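Breakdown of the fold
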Amino acid sequence: MSRFFSKPLFWIFTILAIFIIAFFYFSVKADYADDIPIERDLPSQVNFNLRSQLKSADFNNIKSSFPYKIYLDSTNLNDILSLSLDLALMDSLSPHNEMLNQETLSIALTEKLEERIKQGFEQYNPDSLIRMIQWAEKFNAYAGIDPAHTTLFQVIYNHWFNFASNTLRTYYETDNSLMYNYKFHYIYDRIKEKQFITPIKATNFEKVINNMLRNKWSYLFNKFWNATGNLYKSVVFFLVLIIIFPYIYILKQYR
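Residues numbered from 1 in each chain as written. Predicted model: local features only at pLDDT ≥ 70, side-chain atom pairs only at ≥ 80, totals over all residues. Heavy atoms only, no water.

Turning our attention to the packing of helix α6 (residues 80-93) against helix α7 (residues 98-117). Close contact between α6 and α7 brings their axes to 9 Å; oriented N to C, the two are set at 140 degrees. By the angle between their directions, the pair α6 and α7 is classed as oblique. Considering how the two elements wind past one another, α6 and α7 form a crossing that is right-handed. Judged by residue contacts, L83, L87, M90 and D91 of α6 engage E98, N101, Q102, T104, L105 and L109 from α7. The class makeup of the residues in the contact of α6 with α7 is 5 nonpolar, 3 polar and 2 charged. (Axes fitted to C-alpha atoms, helices over the stretch in contact; angles between N-to-C directions. Helix = DSSP H or I, 4+ residues; strand = E, 2+ residues; numbered from the N terminus. Parallel < 35°, antiparallel > 145°, perpendicular 65-115°, else oblique. Left-handed = near helix turned anticlockwise from the far one by under 90°. Contact = heavy atoms within 4.5 Å. Nonpolar A, V, L, I, M, F, W, Y, C, P; charged D, E, K, R; others polar.)

Below, the structure written as structure tokens:
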């Protein structure tokens, strides 16, 4: 018996069994829901009078005196026209502090907004994260069509995609089996598409299981064929023959 345990064939079968068990375990546990949230239509414009809220503001120290809470409670964050008008108003009230005004609004739409909503992302909530990405990526488009406010829009865009990346990493560190969920990979791909860091280093084992769950058999075969030597291919081929031979034998007996 001890000789059998020392033979390579035993360990090959053991590794194969682990892969099969892991595949069935994660295939049952994985969430295949692919109902990606549809981008929401922009709500109607909110009647918010920022001018009245800035009457007592100190524009030389606007970052400290800006009414962040009231602003986030009342303004329409989905309406780029409203944001542009708010910034134009601040510039008219303090024409020599245009960059400072942009910095103040960027604080409102990044740090202050994050403080308000970050608790909702402490637990795995892919739909909320997807909606946040949909909202944030619009600012990248705004940056391209409004050169005067490019810095403001780019800062907001970068902040929230970095937030999405860090949140996804936290989810993975808490439960690495989440990487087998469809929406998790959807978010991962969206972040990667925008060329932001995706700090999730899956092991080779996790990559194989994930591709099996995604039915990427041709991809796996291609990786196997191009990344292994002839000896390894021969062993796997021999192992496959051992597995399928009993089925061939049974079929022949009943013909």
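More follows now that the structure is in view.
The nonpolar side chains of a soluble globular protein tend to be buried, and buried together. Formed by 50 residues in total, the largest nonpolar core has its most connected members in F66, Y71, L129 and L168. For this core, the elements supplying multiple residues, two or more each, are α5 (68-74), α6, α7, α8 (126-145), α9 (150-174) and α10 (182-193). If we ignore the near neighbours within four places in the chain, the residues touching Y71 are F48, L50, F66, L83, D86, L105 and A108. (Core = buried A, V, L, I, M, F, W, Y, C linked by side-chain atoms within 4.5 Å. Buried < 20%, exposed > 50% of the residue type's maximum accessible area, 1.4 Å probe, protein only.)

For the structure shown, the criterion picks out 7 salt bridges. In this structure, R190 engages E137 in a salt bridge whose closest nitrogen and oxygen atoms are separated by 2.6 Å. Taken as a pair, R190 in helix α10 and E137 in helix α8 lie far apart in primary sequence, 53 residues in all. The buried category is assigned to E137, whose relative accessible area is 16%. Close ionic contact of K194 with E137 constitutes a salt bridge, the shortest N to O distance being 3.7 Å. Within this pair, whereas K194 is found in the loop between α10 and α11 (204-213), its partner E137 is found in helix α8, the two being separated by 57 residues in sequence. The class for K194 is partly exposed, based on a relative accessible area of 26%. Sharing partners across several salt bridges, the network here consists of E137, R190, E193 and K194. (Salt bridge = Lys/Arg side-chain N within 4 Å of Asp/Glu carboxyl O.)

To continue, consider the side chain of H185. Topologically, H185 is positioned in helix α10. Residue H185 is classed as buried on the basis of its relative accessible area of 19%. One polar contact links the side chain of H185 to the main-chain carbonyl oxygen of M179, over a distance of 3.4 Å. (Polar contact = N/O pair within 3.5 Å; in protein donor to acceptor, adjacent residues only side chain to side chain.)

A word on the packing of α7 against α9. Put simply, α7 and α9 touch, their axes get as near as 9 Å, and they point 20 degrees apart. Comparing their axes, α9 and α7 come out roughly parallel. Where α7 crosses over α9, the handedness of that crossing is right-handed. Residues M99, Q102, L105, S106, L109, T110, E111, L113, E114 and I117 of α7 form the contact with α9, whose participating residues are T151, L152, V155, I156, H159, W160 and F163. A per-class count over the contact of α7 with α9 returns 10 nonpolar, 5 polar and 2 charged.

Overall, the coordinates contain 1 cavity of 30 Å³ or more when judged by the stated rule. If you go around the largest cavity, you meet 10 residues; those closest to its centre are L77, N78, W135, F139 and Y142. Among the secondary structure elements, those contributing two or more residues to the lining of the largest cavity are α6 and α8. Sorting elements by how many residues they give to the lining of the largest cavity places α8 first, with 4 residues. In the lining of the largest cavity, the residues fall into 7 nonpolar, 1 polar and 2 charged. (1 Å grid on protein atoms, 1.4 Å probe; cavity = no way out; pocket = protein on both sides within 12 Å on 5 of 7 lines; lining within 4 Å. Points joined across faces, edges and corners; volume = space filled by probe spheres on them.)

This paragraph deals with the confidence of the model for the protein. For the protein, per-residue confidence averages 77 on the pLDDT scale, and residues scoring 70 or more make up 62% of the total. For the protein, the element scoring lowest by mean pLDDT is helix α1 (residues 2-6), at 46; α7 scores highest, at 95. Segment residues 1-6 is flagged for pLDDT under 50; beyond a separation of four residues in sequence, or across chains, it makes 4 contacts in the model. (pLDDT = per-residue confidence, 0-100.)

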